[in-house]
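Chain by chain, the residues run as shown.
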Amino acid sequence: MGNIKKLLFVFVALMLATTTVHAQTHKYYDTKHEVGVSVGVGANTEIIGVIGDAVEIVTANVVLPILTGGYSLESQKYIYGDASYYPTVAVEYYYHVNRVIGLGGIMAYNGMSRDMFVTVKDNNTGTRSTQKTGVAKRHNFSIIPTAKFDWLRKKNFGMYSKLGVGVSFLNESQKDDAAGGTDYSNTDAVVNFQCSLLGIEVGSQRLRGFVEAGIGERGIFSAGLQYKF
């Protein structure tokens, strides 16, 4: 029994010594805070927006266009031009409660803009043309509490995963250029998430670049910079 206690004491002493040496030679583990900024593509709200636009084109939004003299309206629905997308920009913060788990969250934004048109007929000549009447926009803002799991941390390299659930606010607006025309705005709140299956970070102990692949509001692929302190 005495020998077992001695062996146990030696084992604990060796573990403590190893931990102390490890901590002294791996100062980057001492950083508790982490902030980052990234740009991504294929976010959940981008996909929702594309689906919504397709349905909207088919189903309605009857308008009262502002027409110049001599023209008559050929269609009671807007025609939408090609969309210009704003990629998902995200900022994030994590507090590392230990070497593996960091708790924090993500704030993300993306959007889309496209011109609105109507088809009109010139009553004098009978010719038809398409006239721009306004702009349709989408603005998506998300807040997602997130946990980061550092399953590989080296001095200049790391690999991790992230998982979080939060809420997104989706605002859609349509506004004619001329006063008195359509001025529509609506905001919906939806549950959203982020699941980064694989993240890779490379750089110094404090400043690193990173790339992530997964699914969620950060996008299918994202890349950015992070600072640890």
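Located above this text is the structure these notes cover.
Residues numbered from 1 in each chain as written. Predicted model: local features only at pLDDT ≥ 70, side-chain atom pairs only at ≥ 80, totals over all residues. Heavy atoms only, no water.

## Re the pairing of strand β10 (residues 221-228)
Residues Ser-222, Gly-224, Gln-226 and Lys-228 line the buried face of β10, whereas the alternating positions Phe-221, Ala-223, Leu-225 and Tyr-227 sit on a face that is not buried. The pairing of strand β1 (residues 33-41) with β10 spans eight bridges and is classified as antiparallel. Paired with Val-39 across the strands is Ala-223, a residue of β10. Inspection of the sheet shows strand β9 (residues 207-216) paired to β10 by seven bridges, in the antiparallel sense. Bridge pairing in β10 links Phe-210 to Gly-224. What sits between β9 and β10 in their antiparallel hairpin is a turn of four residues, with Gly-219 showing a positive phi close to 110°. (Buried < 20%, exposed > 50% of the residue type's maximum accessible area, 1.4 Å probe, protein only. Helix = DSSP H or I, 4+ residues; strand = E, 2+ residues; numbered from the N terminus. Pairing = 2+ DSSP bridges.)

## Overview of the pairing of strand β7 (residues 157-176)
With 14 of 20 residues buried, β7 is to be regarded as a mostly interior element. Of the pairings in the sheet, the one linking strand β6 (residues 128-153) to β7 comprises 17 bridges and is antiparallel in character. The partner of Thr-146 across the bridge, within β7, is Gly-164. Note that β7 and strand β8 (residues 183-203) share 18 bridges and pair antiparallel. By the bridge assignment for β8, Ser-173 is matched with Ser-185.

## Section: the nonpolar core
Counting residues in hydrophobic clusters, the biggest one holds six residues: Tyr-78, Tyr-80, Met-116, Val-118, Val-120 and Ala-136. In terms of residues, this core owes the most to one element, strand β5 (residues 101-122), which gives three residues. Ignoring any residue separated from it by four or fewer positions in sequence, one finds Ala-136 in contact with Tyr-80, Met-112, Ser-113, Arg-114, Met-116, Ser-173 and Gln-174. (Core = buried A, V, L, I, M, F, W, Y, C linked by side-chain atoms within 4.5 Å. Contact = heavy atoms within 4.5 Å.)

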